[in-house]
Amino acid sequence: MRRTPHSSPHLRVTSVLGLLATLLLSLGMTLAPRATAAPAADPVRVMPLGDSITGSPGCWRAVLWNRLTDSGYKDIDFVGTLPPQGCGQAHDGDNEGHGGELVTNVADQNLLPGRLASTRPDIVVMHFGTNDVWSSIAPDRILAAYTKLVAQMRASNPDMRILVAQLIPMNPSSCAACAQRVVDFNARIPGWARATGTDRSPVTVVDQWTGFSTAADTYDGVHPNASGDNKIAARWFPALAATLDAGVPQDPGDPGDPGEDPGACTARFRTASTWQGGYQGEVTVTNTSASAVSGWTATVVPANGARLTQLWNGTLGTAADGTATVRNAAWNGTLAPGASTTFGFVATAPATAGTPAATVTCTGTAPAG
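Residues numbered from 1 in each chain as written. Predicted model: local features only at pLDDT ≥ 70, side-chain atom pairs only at ≥ 80, totals over all residues. Heavy atoms only, no water.

Draft legend 1. Inspection of the state of the cysteines at higher detail. Per the stated rule, a full pass over the model turns up 3 disulfides. Across the disulfide from Cys59 sits Cys87; the S-S distance is 2.1 Å. Across the S-S bond of Cys59 and Cys87 the torsion is about -90 degrees, and the bridge reads as left-handed. On the criterion of sequence distance, the pair formed by Cys59 in the loop between α2 (52–55) and α3 (60–70) and Cys87 in the loop between β2 (76–78) and β3 (96–97) is long-range, its members being 28 residues apart. (Disulfide = S-S within 2.5 Å. Helix = DSSP H or I, 4+ residues; strand = E, 2+ residues; numbered from the N terminus.)

The following block contains the structure:
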């Protein structure tokens, strides 16, 4: 309720300050303004989006959060309209993982826009569709739901960064066909992502299927146990870290600070030769932006249990789950617009691995200044 002027102690203090200021001015003195700190940048808001694998309790989020913070990513905020559900370790547990939800229902009922408006994410980390696959919904319909959700994300934030999982395997006792349905659906996701991603709002595919065992990494053929949580977090980490390293605009259309925004970058894998127990692969990195990049980082997730063992034309780092992070060598980091460079590697693979395959992504670094 508004206070009346004669009852306001604030106004009485203001009057005294005004008289003091007048006196000081008459003496040639001024009141120095109080220094104020520059406003800090907002934390980057990350929305974990999905069903019970993400939210009930979705303890991979706790593992991922702590790995990020332990690696120096402090200025992040996991967001969602749902609260944390334990997991036995401190973490930012806000999420958008609704147990039992179908992504097709979320799209058909327009449930996402309200959730986005409440949380305003900069990055969405999405593992969504397990219940749809279990319900034998056609991949075309699931991908149409994905497309609608992406459009709603971009309506909320035109610069949205979107990480989409190839689903973890599923083999529940009540659904003999589910295992193959996941394989069939996952095979469609990379093509969908290529058609859906844009330079301003990229869609990055993260392979959560390869190397994940329903026998060892779930407690019921569907939901991850502690081992599964660790594997899921390990797969999200390099893709999310690369996105955070690249920087996200704080407001739609904000170009960011000089030297922090990356150039657009694509990576393409091919097999050079194969033999029993391994193969030689090549990855071509291309600068697809309108300006030069001063460096690049590629992530290689080899399929079917393969591991990179040797690499040339770059520097190699390998996570425990086999995910490889490749940074440019000193001489091939700078790429003009449209220019490409290639690095090669040797990988070992189980005898039953089949045709070599890998999911590859990359980020570029714009020159400073």
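Next comes the rest of the description.
Draft legend 2. Layout of helix α7 (residues 139–156). For α7, spanning 18 residues, the distance from its first C-alpha to its last is 26 Å, which sits close to the expected 26 Å at 1.5 Å a residue. Looking only at α7, the buried set comprises Ile142, Leu143, Ala145, Tyr146, Leu149, Val150, Gln152 and Met153. (Expected span 1.5 Å × (residues − 1). Buried < 20%, exposed > 50% of the residue type's maximum accessible area, 1.4 Å probe, protein only.)

Draft legend 3. Structural detail: helix α5 (residues 112–119). Residues Leu112, Arg115, Leu116 and Thr119 constitute the buried set of α5. Angular distribution of buried residues about the axis of α5 spans 100 degrees; they occupy a single face of the element. For α5, the exposed residues lying more than 90 degrees away from the buried face are Ala117 and Ser118. For α5, the secondary structure elements touched by its buried residues are β1 (44–50), β3, α4 (103–108) and α7. Trailing α5 by a residue or two, Arg120 shows a phi angle of about 50 degrees, which is positive. (Arc of directions from axis to C-beta. Contact = heavy atoms within 4.5 Å.)

Draft legend 4. Molecular detail of the sheet that holds strand β8 (residues 278–287). Taken together, 4 strands build an open sheet; the order of strands is β7-β8-β13-β10 and the sheet is antiparallel. Bordering the open sheet on either side are β7 (265–275) and β10 (307–312), each of which pairs with just one other strand. Sheet twist, expressed as the mean angle between neighbouring strand axes with direction ignored, is 30 degrees. Inspection of the sheet shows β10 paired to strand β13 (residues 340–348) by 5 bridges, in the antiparallel sense. Considered in β13, the bridge of Leu311 is made with Phe345. (Pairing = 2+ DSSP bridges. Axes fitted to C-alpha atoms, helices over the stretch in contact; angles between N-to-C directions.)

Draft legend 5. Broad picture of the nonpolar core. Within the largest apolar cluster, 62 residues are counted, with the highest numbers of intra-cluster contacts made by Tyr146 and Met153. With sequence-adjacent residues up to four places away left out, Tyr146 is seen in contact with Val103, Met126, Phe128, Val164, Leu167, Phe185 and Trp192. Counting residues in hydrophobic clusters, the runner-up holds 23 residues, among them Cys265, Ala267, Leu308 and Ala347. (Core = buried A, V, L, I, M, F, W, Y, C linked by side-chain atoms within 4.5 Å.)

Draft legend 6. Structural view of unusual backbone geometry. In this structure, Pro57 follows Ser56 across a cis peptide bond, with omega equal to 0 degrees. For Pro57, the position within the fold is in the loop between α2 and α3. Of note in this structure, Cys87 is not a glycine but carries a positive phi near 90 degrees. On the basis of relative accessible area, Cys87 is assigned to the partly exposed category, the value being 24%. A positive phi angle, near 50 degrees, is found at Arg120, a position not held by glycine. Turning to its location among the elements, Arg120 is positioned in the loop between α5 and β4 (123–127).

Draft legend 7. Molecular detail of the pattern of salt bridges. Per the stated rule, a full pass over the model turns up 8 salt bridges. Note that Arg45 and Asp122 form a salt bridge whose closest N and O atoms lie 3.9 Å from each other. Placement of the pair is Arg45 in strand β1 and Asp122 in the loop between α5 and β4, with a sequence separation of 77 residues. For Asp122, a relative accessible area of 2% gives the class buried. Among the charged side chains, a network of salt bridges with common partners joins Glu96, Glu101 and Arg115. (Salt bridge = Lys/Arg side-chain N within 4 Å of Asp/Glu carboxyl O.)

Draft legend 8. The arrangement of the environment of Trp65 in detail. Looking at the element boundaries, Trp65 is found in helix α3. In this structure, the C-alpha to C-alpha distance between Trp65 and His91, residues 26 residues apart in sequence, is 6.1 Å. Apart from the residues within four sequence positions on either side, Trp65 is in contact with Ile76, Asp77, Phe78, Ala90, His91 and Asp92.

Draft legend 9. Geometry of the pairing of β7. Bridging between β7 and β8 involves 10 bridges; their strand directions are antiparallel. Bridge pairing in β8 places Trp275 opposite Gly278. Remark: 2 residues form the turn of the hairpin made by β7 and β8, two consecutive strands paired antiparallel; Gly277 in that turn has positive phi of roughly 90 degrees.

Draft legend 10. Examining the environment of Gly281 more closely. By the secondary structure assignment, Gly281 is in strand β8. Overall, Gly281 belongs to the buried group, its relative accessible area being 0%. For the pair Gly281 and Thr271, spaced 10 residues apart in the sequence, the C-alpha separation amounts to 4.5 Å. The contact partners of Gly281, leaving out residues within four places of it in the chain, are Phe269, Arg270, Ala272, Phe343, Gly344 and Phe345.

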